[in-house]
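Results of the structural survey
If you want the building blocks of each chain, they are given just below.
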Amino acid sequence: PLITILMAAVCWFSSYCKLRKSMLKSLPPALPPQMNIDGVEAYLSEHDQAEAPLQRGAESRVRWAPGHKNERVPLAVVYLHGWSASPMESDPVDVQVAEAVGAHLLRMRLRGHGLAGSLHRQGDALLLRATRHNLQEDVVRALALARLIADRVLLIGSSTG
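Note that the coordinates shown come from a computational prediction; the quantities given were computed from them, not determined experimentally.

Calculation rules
Residues numbered from 1 in each chain as written. Predicted model: local features only at pLDDT ≥ 70, side-chain atom pairs only at ≥ 80, totals over all residues. Heavy atoms only, no water. Helix = DSSP H or I, 4+ residues; strand = E, 2+ residues; numbered from the N terminus. Contact = heavy atoms within 4.5 Å. Areas by Shrake-Rupley, 256 points an atom, 1.4 Å probe, with all protein chains shown as cover. Pairing = 2+ DSSP bridges. Axes fitted to C-alpha atoms, helices over the stretch in contact; angles between N-to-C directions. Buried < 20%, exposed > 50% of the residue type's maximum accessible area, 1.4 Å probe, protein only.

A word on the overall build of the chain
- Across its full length, the chain holds six helices and four strands.
- If you take every contact in the chain between residues at least 6 apart in sequence, the share linking residues at least 24 apart comes to 78%.
- For the chain, the accessible surface area stands at approximately 8500 Å², while carbon and sulfur atoms represent 59% of it.

Okay, structure coming up:
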């Protein structure tokens, strides 16, 4: 599974890099200007609370490298989940990758995903909130958050991610 995830990350990153600059210019600034590493967890919590309630384990979160909470490290692993899934779908592979390279792990829940409640609520959210614009915005924000907590970023994704 790790090879599949890494191959998916390479393919996704290649297509992401090909996005036209005009598409990225249409997105709002990735993070508030005053944002710093101490605000990352609160930022992720606010992102998730906007669509609460969530399924258990579907929350966006940072798993700090041991001994480096709220400290910038050389590498962050960002995991982007697949369509209709949530950040838990790759557990424990993304954790193992981050641990193996001594990195922070950032799991970003994409909007419209991982919601608790009826299947009708979940389906409506995917159709209404998981738009191309919102997904691009979530990815840009995840990468910006990763750059706050680390010098370099290893992007891992599956399916949509």
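Next comes the rest of the account.
Some details on the sheet that holds strand β1 (residues 61-63)
- With mixed pairing, the four strands of this open sheet are ordered in space as β1-β3-β2-β4. Looking at strand neighbours, the two that pair on one side only are β1 and β4 (150-157), the edges of this open sheet. Mean inter-strand twist for the sheet, computed between neighbouring axes without regard to direction, equals 20 degrees.
- Against the sheet, helix α3 (residues 40-49) makes contact with β1 and β3 (104-108), and its axis sits at roughly 145 degrees relative to β1, the strand it touches most.
- Together, β1, β2 (73-80), β3 and β4 form the strand contacts of helix α4 (residues 93-101), whose direction differs from that of β3 by roughly 155 degrees.

Observations concerning the pairing of β2
- Counting buried positions over the eight residues of β2 gives seven, a clear majority of the element.
- Examined bridge by bridge, β2 and β4 share seven bridges and lie parallel to one another. Bridge pairing links Val77 to Leu154 in β4.
- Where β2 lies against β3, five bridges are found, and the strand directions are parallel. Note that in β3 the partner of Leu80 across the bridge is Met108.

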